[in-house]
Structure formats: C-alpha cells, structure tokens
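# Coordinates in review
Here's the letter readout for the chains.
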Amino acid sequence: MREKGCSREELFSFLARKRGEDLGYGRILSSMCTRPHPVGVEAEALFAGTNLGDPGLFPGTAGIERLLVERLGELLHCREACGYATSGGTESNLQVLRMARGLAGVRDPNVVIPESAHFSFEKACDILNIGIRPAPLDRNLRMDPGKAEELIDRNTVCLVGIAGTTEYGMVDPIRALSDIAVDRGIFLHVDAAFGGLVIPFLPEPVPFDFSLPGVSSISVDPHKMGMSPIPAGALLVREERMLAPLSVATPYLTVRNVYTLTGTRPGGPVAGAFAVLEYLGREGMRSLVRGCMANTARLIAGLETLGIPRAVSPDVNVATFTCGETPPGWQVSRTRLGHLRIVCMPHVSRDQVEAFIAAMGELHA
Ligand code: 0PR
C-alpha cells in the first residue's frame, strides 16, 4: 500500500484505463448477465453503503428486501413465500441444500440433480458433504423423471429440477418432479436462477413454480434476466418453517437471529433489483422477454439457413448449435458437449444478431 495517497486525477485516470480493458457488452454473446437497467443503477446508488446484515439499522432497506421477496413470491404463485436476497444462484443453491439436509436429519445425505445442473451444486455438496446423484437427461436434454426417481433412496434429502438450464436453456419436467416429491415426501428445489424471470413472461408458460404442490423452494436471480445490478439473487421457500435449519443466533445485532449465509450484505443491488421490477412491471418484462425470445428464434433460423443445425429447441433464450469455427471478435461459449452456445440477453440487439449471422455466413461460405 502507498505511504502517501495519490491524487484523485491520477487515481481515476488509472481506474478508467482499467475499466476500458473490460469487454463492452456489445459483442458478448456468452453471458447470463447483462447491462443493468439505468433505473436499477440509480436505485443502487441511492442505497450505496447500506448493510442488510444488521437490518435494524437500515429498516428502509430491509423493507425493500421484504418487498422484493413479496413481489417474486407473488410472481411465482405463492404470496406467502419467505426468503431473502442472496448474492446469486450459487448462494441460493448452497443454502437450499443446507436447509434440506437440516430438515431431513439423515446420517448420510444425498441429493438427486439433473446431469445438466449448474456447477454450483458441486460446490454446495462439497462444502456440505452431501453425495451427488446425477440423473440422466432425455433426448431434449431435460431431466428424465423416471430415472431420477430410481436414484432416490431414504437418504435423499432433496430432488432438484432446473427451470432454464445454463447450457441449453431447457426447463425440466417440474410437474412430474413435483408428483414424485409429493409421493415420496421429498423436498423439491427448482433452480430457476435464469428461467425464473423468463418463463412467467412467455405467452404459454409451463408450470415450474409454487403452483405445483411439490415445489418447496426456488432460486431466482434478478441479476440475470431481471437486469439488476450485480449481485442480486433470491431464495424463496413455500413456508417459513423450512428456513429453521439456517437460523443462527445473533445476540448483539438488531435482530435476534439470521438465516442468511453472508454477514454484511449490500442493500444497493437489492434496491436495484426491486426498482427494475417495479419500473418495468409485468408488461415491461413481457416485452423484454418477447424481444429476447424473438432474437433467439431469429438466430436459430439464420444459422440453420447456413447449414448450422441447432442442438435442441430451447425453452428459454439460450441457443445452441453443432458448429465448428466462430468469427473472431465475438464472445461466444461452448457447452460441455462441445456445442456453440449463445445467450440472447437484453443487451444482444437484433442488429447484433444479424451481424453475427452475417459474420458466420462469411466464415462458413
Ligand atoms: N443456476 C443456474 C441455472 C445458473 O445458470 C447459474 C449461473 C447459477 C445457478 C449460479 O448463479 P450465480 O453465478 O449468480 O451464482 N449461470 C451463469 C453461468 O454459469 C453465470 C454466468 C453469468 C457465467 C455471466 C458467465 C457470465 O459471463 O454460465
């Protein structure tokens, strides 16, 4: 560390240079994050420095967090849902497994997840010492519920389904998983980190949320399709009692106990997440999702015309292809199976989709 502080000018010219090294969102086709909505950025600035870790000191900010949980619960068909704002899907998934393990109270716990699950489950199971049982997928890369059921035994503390898989944008058959969960009395978690703010705004949403009786908890991330500043995730549970295993006594705080993972927690992104949802409303979100889905469809049609076939027909705005080379300058990604993967986030405009198709056309001419 410097002995004597530097000038503001020197500091900010250095910072601006470093910021300039970041890739702009312009040609990023691989990310599930996006340019935050200006309203979210403004709200975040207003709440900068607030700490939800000691909510009694920031009752206004804590009230916004409660409203965010309320709005998301209502959207996901459970007005009474409880939970809190997390740092994202990883924290939500970790906390859910911790909760499910605590509720089950078995000696040698395991969890049944689809093979397509996000790697956050691997981290969570490692930390919590829970066995992972990956269930095979069907031809369309959705979890096979029959095969999942075969993996369940009396030590299974949680069954997991994904609503909007990270790599292929598929929604697992959550209704069938819900039936299994009810039948076997198992905790069912839906990882809707990505799809939770897409599926409700589709013209014909498939049921994936608390409308299904077996669904106990849901992860949903405003910092993905909710255009919120980072980090803003949410963990929702159907009943407050489910949170009990997470509760820790906090004798010297303004509250007697907490069930969050992190201690100090930023209020800024939480206010940002709430602000964007309030500002856009269902109508604004429908229009946002309509645009992203139309771009996904156009990208698939455009590349297929070039002889580059889709890997699957996605349920949400993730497009995947069997394809070799991609043009330089575009940030794309590859799935574990080697498919080209493009996420049509709100920052990916129709012009960019057309430019990418044209660049692919030149490359594969
Ligand atoms: N669950 C699902 C279904 C996800 O897709 C993700 C992240 C998570 C959980 C974990 O969420 P957090 O990363 O918020 O903890 N999916 C993206 C991915 O791994 C995250 C991402 C975003 C990666 C932007 C890269 C990037 O540039 O692809």
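Here the structure is a predicted model, which means the values were calculated and not measured.

### Remarks on helix H3 (residues 59-75)
With 17 residues, H3 ought to run about 24 Å at 1.5 Å a step, and its terminal C-alpha atoms sit 24 Å apart, in line with that. Buried residues of H3: Thr61, Ala62, Gly63, Ile64, Glu65, Leu68, Val69, Leu72, Gly73 and Leu75, and no others. Summarising the contacts, the buried residues of H3 are in contact with strand E1 (82-86), strand E6 (215-220), strand E7 (233-237) and helix H8 (268-305). Within two residues after H3, His77 carries a phi angle of roughly 65°, on the positive side.

### What about the sheet that holds strand E11 (residues 333-334)?
Strand order across the open sheet formed by three strands is E10-E12-E11, with antiparallel pairing between neighbours. For this open sheet the edge positions go to strand E10 (318-321) and E11, each flanked by a neighbour on one side alone. Note that E10 and strand E12 (residues 340-343) share four bridges and pair antiparallel. Each bridged residue has a counterpart across the sheet, and for Thr320 the counterpart in E12 is Arg341. Its contacts with the sheet place H8 against E10 and E12, and it is angled at close to 15° to E10.

### Quick look at the site of the ligand
Of all residues adjacent to the ligand, which total 18 residues, the nearest are Thr90, Thr166, Asp191, His223 and Lys224. Ser31 is positioned such that a nitrogen or oxygen atom in its side chain is 3.1 Å from an oxygen atom of the ligand. At 2.9 Å, a side-chain N or O of His118 approaches an oxygen atom of the ligand. With the chains in place, 77% of the 590 Å² that the ligand exposes on its own is no longer accessible. Spatially, the ligand is embedded in the second largest pocket. Here the element with the most residues in the shell around the ligand is helix H4 (residues 89-104); it accounts for three residues. Looking at side-chain class alone, the shell around the ligand contains four nonpolar, 10 polar and four charged residues. Residues from two domains meet in the shell around the ligand; each of domain 1 (17-37 + 281-363) and domain 2 (38-277) gives at least three.

About the criteria used
Residues numbered from 1 in each chain as written. Predicted model: local features only at pLDDT ≥ 70, side-chain atom pairs only at ≥ 80, totals over all residues. Heavy atoms only, no water. Helix = DSSP H or I, 4+ residues; strand = E, 2+ residues; numbered from the N terminus. Expected span 1.5 Å × (residues − 1). Buried < 20%, exposed > 50% of the residue type's maximum accessible area, 1.4 Å probe, protein only. Contact = heavy atoms within 4.5 Å. Pairing = 2+ DSSP bridges. Axes fitted to C-alpha atoms, helices over the stretch in contact; angles between N-to-C directions. Near = heavy atom within 4 Å. Polar contact = N/O pair within 3.5 Å; in protein donor to acceptor, adjacent residues only side chain to side chain. Areas by Shrake-Rupley, 256 points an atom, 1.4 Å probe, with all protein chains shown as cover. 1 Å grid on protein atoms, 1.4 Å probe; cavity = no way out; pocket = protein on both sides within 12 Å on 5 of 7 lines; lining within 4 Å. Sits in = over half its atoms within 2 Å of the grid points. Nonpolar A, V, L, I, M, F, W, Y, C, P; charged D, E, K, R; others polar. Domains from an automatic or database assignment.

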